[in-house]
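Listed below are the residues making up each chain.
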Amino acid sequence: MAAPAGSLVAAVLAHSGRLDKEDLGTRIGRLSRRVEELKGEVCSMINKKYSEFLPSAQSAEELAARVEGLCGSIDLLKAGIESEVQRDLNVAVAEFTELKHQLERDTLVLSILKKLQEFDIAIKEYNTALLEKKYVAAAQHLETARSSLRLLESRKGFELKILKALGTELTVQTQNMLYHLGEEWQKLAVWKLPPSKGSSLESVVYSELHLHTVSSKEEEIAGPPVASVLQAFAVLGELHTKLKIFGQLLLKHILKPLILYPSLQPCTEEQSNVFILRFKSEEPSLDHSSPMEVFDKIRLIFEVLHKYLLNVPLEQPVEDKKGCGVTLAELLGDMIWEELSDCLIQNCLVNSIPTNSSKLEQYIEVIKSTEEFEKALKNMQFLKGDTTDLLKYARNVNSHFANKKCQDVIVAARNLMTSEIHNTVKITPDSCVTLPKLPDPGAGDHSKTPKASELLHNDMVNLENKTKLSQYTFSLPTCRISSSVEKLMELAYQTLLEATSSTDQCCIQLFYSVRNIFQLFYDVVPTYHKENLQKLPQLAAIHHNNCMYIAHHLLTLGHQFRYRLTNILCDGAATFVDMVPGFRRLGMECFLAQMRVQKGEILERLSSARNFSNMDDEENYCAANKAIRQVLHQLKRLGKVWQDVLPVNVYCKAMGTLLNTALTEIVTRITALEDISAEDADRLYSLCRTMVEEGPQVFTPLPEDDKNKKYQEEVPVYVQKWMTFKELMIILQANLQEIVDQWADGKGPLAAEFSAAEVKSLIRALFQNTERRAAALAKIK
């Protein structure tokens, strides 16, 4: 109703704009009538809609009543189902479950019975095959029975007491089968070994291997017995054990003896149904067989085994899960090849490595022989296709040559170092190491370096002094060295010469082996000969000479070979100069230690002289005289021991130092005396005269006496306190005026040897306290 009224009002308002002259009242009346008409229409429509809605409402009420009735019926039906049908359903489910379990048990029982039947059938067929000696079939039936038993034992919750009995039966039958196979195997391969357990040449000669053979007709009928037996072993998982035992016997009694003993030769003999392999011993031409001979012997053995025993394909997988197509030869090769190749390397190829680089080219034959040997073994399927350590070792001959050469050099050097030192040879400036003629450096960096004479030929001023140095200026002085050290140096030169004609790697190894020789000398000799070097003066002197001799050669050793070694070493690495100070120090320390020992003995002997006091006492004089004689005897003994051993200059310095030690000690003791009587002075003078007369006689560096006089006259040069000692003798016999004259106001010979305090002390000890003494003392200042 509101909508039409609104429309009407809107129409009226819209139309009111067009009202021009009509009467407003008339129009309002008209509008009122229209409103009444519209009210009537609306009421009519409402009545019509109400009359249509009333039947629908009544129908809905009827449906609601029917629904309530149905809900009641449903509730009744549900209550009936829960009380009766559910109970019947539960009973049915329980019956179904029980029937299901019973079916499963019956199925399990049926499968177990089936497996038991299979086990029984397999055992029966096994027995039949075993009686007919069909070993492969018998073994397969045993494995079938074993598989059935394993399946039965794997059933959890279903244990049968019979399974234990079946397992025992299977074990018994398996062992029975293995026993029969073992008997057959022993007939096929019979070892006849000596009673002794060792593997000496005498016992190896009596070792034999008999291989059973069958005729071709028998083989066509029954098949090869070897194949049957070994395949049966494979099926049972025992082939690896049998082959391992056979392989160890083969290595111990056949293969290794053929490698170790050059005189051993394999012999073959074929009889009816038996092939015999035995040995014979021949007189060897060399201590070690050549690799070619050894390879031929080993190849013969493998050919025999391949033909009569091991050329058997395994149609069944063996215990290590290898597939079909594997042969027994391949299995045996896997088991013994590593040990066999190690034996061939250590006892055959190692001995064939050349000891000289000039023989390396001949080693190509060994490499070819090794390749042919491995190729033959691969054709017989003893080896796989990969290159083995044996061939790698043979091809790497340059490295092995260098290693062996270096090892031999070090061993030889150590043997020389541990030999006796006292076996000596005389070295003179004219002496030199016996060297082979070194090849010319040839082309290379050395030839590229222009000579000074080429660069300065026209411009160089001749600055050469007319007075030339002696050819012996830089030579080692005459002395004695150990013959072993001379041989050691020759070994070093020979090794470096070998390096000049070797490959780069070998050259480097040999060069550093020579350095190792000298380093080894530095470490070994002082330790190995330590006790003798400390106790024996002559050995200490020889060791000193040895070290100086080595250091002398090390100065130029690298330079001599510098341009003949590999380029890597030509850049300054080829030197031994860095080792020179160490060797000089080593020799000097040893000799100086011996000098300290000798000094200690001299001082110890002089300590028994009772400080040279109270010489008027006969006992004291005898003690001092004995000490002097002992010192002189010690020096003379050292002079004889070092004679013709030390270089003359070293000898004179050493003897001069020791004599100086004795004189210094005597001077010190006498100058320390506070009172010297006239008789004491005479006896002290007598003792000193003995030292002066006999002291120079200890200087005997050369065996020829007439040549030693020169050095005996030069004693003051080598004995620092010689003139001091002679001045002391003068004081002991001089009067006060003579002493003052010798002093000569501090400019005389006495002042050159003694201080003023020392001279005054001697004067006070020798002379009584008088005016003349006081006057003399006043002049000593």
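Residues numbered from 1 in each chain as written. Predicted model: local features only at pLDDT ≥ 70, side-chain atom pairs only at ≥ 80, totals over all residues. Heavy atoms only, no water.

### Concerning the overall build of the protein
On a plain count of helices and strands, the protein comes out with 31 helices and six strands. For the protein, the residues scored as buried account for 39% of the 781 residues in total. Once local pairs closer than 6 in sequence are excluded, the contacts in the protein between residues at least 24 apart make up 76%. For the protein, the accessible surface area stands at approximately 44,900 Å², while carbon and sulfur atoms represent 53% of it. (Helix = DSSP H or I, 4+ residues; strand = E, 2+ residues; numbered from the N terminus. Buried < 20%, exposed > 50% of the residue type's maximum accessible area, 1.4 Å probe, protein only. Contact = heavy atoms within 4.5 Å. Areas by Shrake-Rupley, 256 points an atom, 1.4 Å probe, with all protein chains shown as cover.)

### A short note on unusual backbone geometry
Phi at F612 is positive, roughly 55°, even though this residue is not glycine. Here F612 shows up in the loop between helix 21 (580-606) and helix 22 (618-642). A positive phi angle is found at D644, which is not glycine, with a value near 65°. Residue placement: D644 occurs in the loop between helix 22 and helix 23 (648-671). Classification of D644 as buried rests on a relative accessible area of 14%.

### Let's talk about the side chain of N660
Inspection of the secondary structure puts N660 in helix 23. Overall, N660 belongs to the buried group, its relative accessible area being 13%. Polar contacts involving the side chain of N660 include one to the main-chain amide nitrogen of K721, which spans 2.6 Å. (Polar contact = N/O pair within 3.5 Å; in protein donor to acceptor, adjacent residues only side chain to side chain.)

### Side note on empty space enclosed by the protein
Tallied over the full model, the rule gives one cavity of 30 Å³ or more. By volume, the largest cavity amounts to about 80 Å³. Every residue lining the largest cavity is counted, 13 residues in all, and those nearest its centre are M417, S484, V485, F521 and V525. Among the secondary structure elements, those contributing two or more residues to the lining of the largest cavity are helix 13 (397-417), helix 16 (483-500), helix 17 (504-528) and helix 19 (537-561). Broken down by element, the residue count for the lining of the largest cavity peaks at three residues, all from helix 16. Residues belonging to the lining of the largest cavity are distributed by class as follows: seven nonpolar, six polar and no charged. (1 Å grid on protein atoms, 1.4 Å probe; cavity = no way out; pocket = protein on both sides within 12 Å on 5 of 7 lines; lining within 4 Å. Points joined across faces, edges and corners; volume = space filled by probe spheres on them. Nonpolar A, V, L, I, M, F, W, Y, C, P; charged D, E, K, R; others polar.)

### So, the pattern of salt bridges
For the structure on display, the rule yields 22 salt bridges. The salt bridge involving E36 is made with K39; its shortest N-O contact spans 3.9 Å. In this pair, E36 and K39 are both assigned in helix 2 (residues 24-131), three residues apart and thus about one turn of the helix distant. Note that R683 is salt-bridged to E679, the shortest N-O span being 3.9 Å. (Salt bridge = Lys/Arg side-chain N within 4 Å of Asp/Glu carboxyl O.)

### Considerations on the packing of aromatic side chains
The description of an aromatic ring pair uses the distance of the two centres, along with the angle that the planes make with each other. Scanning the model with the defined rule gives 14 aromatic pairs in all. Here F511 and F576 contribute two aromatic rings whose centre-to-centre distance is 5.2 Å and whose plane-to-plane angle is 55°, an arrangement assigned as tilted. Here F576 lies in the loop between helix 20 (567-570) and helix 21 and F511 lies in helix 17, a separation of 65 residues in the sequence. Accessibility classification places F511 together with F576 in one group, the buried group. With a centroid separation of 6.3 Å and 85° between ring planes, the pair formed by F518 and F583 is classed as edge-to-face. Note that F518 is positioned in helix 17 and F583 in helix 21, a separation of 65 residues in sequence. Here F518 and F583 have matching classes, each one buried. Taken together, the aromatic side chains of F511, Y512, F518, F521, Y522, F576 and F583 make up a single cluster linked through ring pairs. In this structure, R683 packs its charged tip against the face of Y621, placed 4.6 Å from the ring centre. (Phe/Tyr/Trp six-rings, centres within 6.5 Å; stacked < 30°, edge-to-face > 60°. Lys NZ or Arg CZ within 6 Å of the ring centre and 35° of its normal.)

### Re helix 22
Its 25 residues give helix 22 an end-to-end C-alpha distance of 36 Å, which sits within 8% of 36 Å, the value for a rise of 1.5 Å per residue. By the N-cap criterion, in which a side-chain oxygen at the helix start approaches the backbone nitrogen of a residue two or three places on, helix 22 is capped by D617, the distance to E619 being 3.1 Å. With its phi angle positive at about 65°, D644 sits one or two positions after the end of helix 22. (Expected span 1.5 Å × (residues − 1).)

### Details of the packing of helix 9 (residues 291-310) against helix 10 (residues 328-352)
Two elements in contact, helix 9 and helix 10, have axes separated by 11 Å at closest approach and are oriented at 165°. Taken together, the axes of helix 9 and helix 10 lie roughly antiparallel to each other. Relative to helix 10, the crossing made by helix 9 is right-handed. In contact with P291, V294, F295, I298, F302, H306, L309 and L310 of helix 9, helix 10 contributes L328, A329, L332, I336, L340, L344, C348, L349 and S352. (Axes fitted to C-alpha atoms, helices over the stretch in contact; angles between N-to-C directions. Parallel < 35°, antiparallel > 145°, perpendicular 65-115°, else oblique. Left-handed = near helix turned anticlockwise from the far one by under 90°.)

### Details of the environment of K242
If you trace the backbone, K242 turns up in helix 8 (residues 239-260). The partly exposed category is assigned to K242, whose relative accessible area is 29%. When the C-alpha atoms of K242 and L230 are compared, they prove to be 9.0 Å apart, with 12 residues separating the residues in sequence.

### Regarding the nonpolar core
Grouped together as the largest cluster of nonpolar side chains are 127 residues, with contacts concentrated most on M177, F246, L250, I254, L255, L305 and F518. One finds V645, Y651, L736 and F754 within the second-largest nonpolar core, a separate group that totals 71 residues. (Core = buried A, V, L, I, M, F, W, Y, C linked by side-chain atoms within 4.5 Å.)

### Description of the confidence of the model for the protein
Of the residues in the protein, 84% have a pLDDT of 70 or more, and the chain-wide mean is 81. Between the elements of the protein, mean pLDDT differs from a low of 36, seen in helix 15 (residues 452-455), to a high of 95, seen in helix 21. With pLDDT under 50 throughout, residues 216-223 is counted as low confidence; its partners more than four residues away or in other chains account for three contacts. (pLDDT = per-residue confidence, 0-100.)

### Details of the sheet that holds strand 3 (residues 264-271)
Spatially, the four strands line up as an open sheet ordered 1-2-4-3, and their pairing is antiparallel. Every interior strand has two partners, whereas the edge strands, strand 1 (189-192) and strand 3, have only one. On average, adjacent strands in this sheet sit at an angle of 20° to one another, irrespective of strand direction. Examined bridge by bridge, strand 3 and strand 4 (residues 274-281) share eight bridges and lie antiparallel to one another. Among the inter-strand pairings, L264 is bridged to a residue of strand 4, identified as S281. (Pairing = 2+ DSSP bridges.)

### Re the packing of helix 23 against helix 27 (residues 722-733)
In helix packing, the relevant descriptors are the interaxial angle and the interaxial distance, both defined with respect to the helix axes. Across the interface, helix 23 lies against helix 27 with an axial gap of 9 Å and an inter-helix angle of 35°. The element helix 23 and its partner helix 27 pack so that their crossing is left-handed. Residues L659, L663, I666, V667 and I670 of helix 23 form the contact with helix 27, whose own contacting residues are W722, T724, F725 and L728.

### Considering the environment of Q733
By the secondary structure assignment, Q733 is in helix 27. A C-alpha to C-alpha distance of 7.3 Å links Q733 and Y685, two positions 48 residues apart in sequence. Beyond its immediate chain neighbours, meaning those up to four positions away, Q733 contacts A681, D682, Y685 and E738. A polar side-chain atom of Q733 sits 3.2 Å from a polar atom in the side chain of D682.

### Some remarks on the pairing of strand 1
Here strand 1 shows a clear split, with A189 and W191 buried on one side and none of V190 and K192 buried on the other. In terms of strand pairing, strand 1 meets strand 2 (residues 208-212) through four bridges, oriented antiparallel. Considered in strand 2, the bridge of A189 is made with L211.

### Section: a nonpolar patch on the surface
On the surface, L77, I81 and V85 cluster together to form a nonpolar patch covering roughly 280 Å² of accessible area. For I81, the location among the structural elements is in helix 2. For I81, a relative accessible area of 40% translates into the label partly exposed. (Patch = residues over 30% accessible without salt bridge, like charges linked within 9 Å, V, L, I, M, F, W, Y side chains within 5 Å.)

### Description of helix 27
The terminal C-alpha atoms of helix 27, which comprises 12 residues, lie 17 Å apart, in line with the 16 Å expected from a rise of 1.5 Å per residue. All of the buried residues in helix 27 are W722, T724, F725, E727, L728, M729, I731 and L732. The elements touched by buried residues of helix 27 are helix 23, helix 24 (678-694), helix 26 (715-718), helix 28 (736-743), helix 29 (749-753) and helix 30 (756-766).

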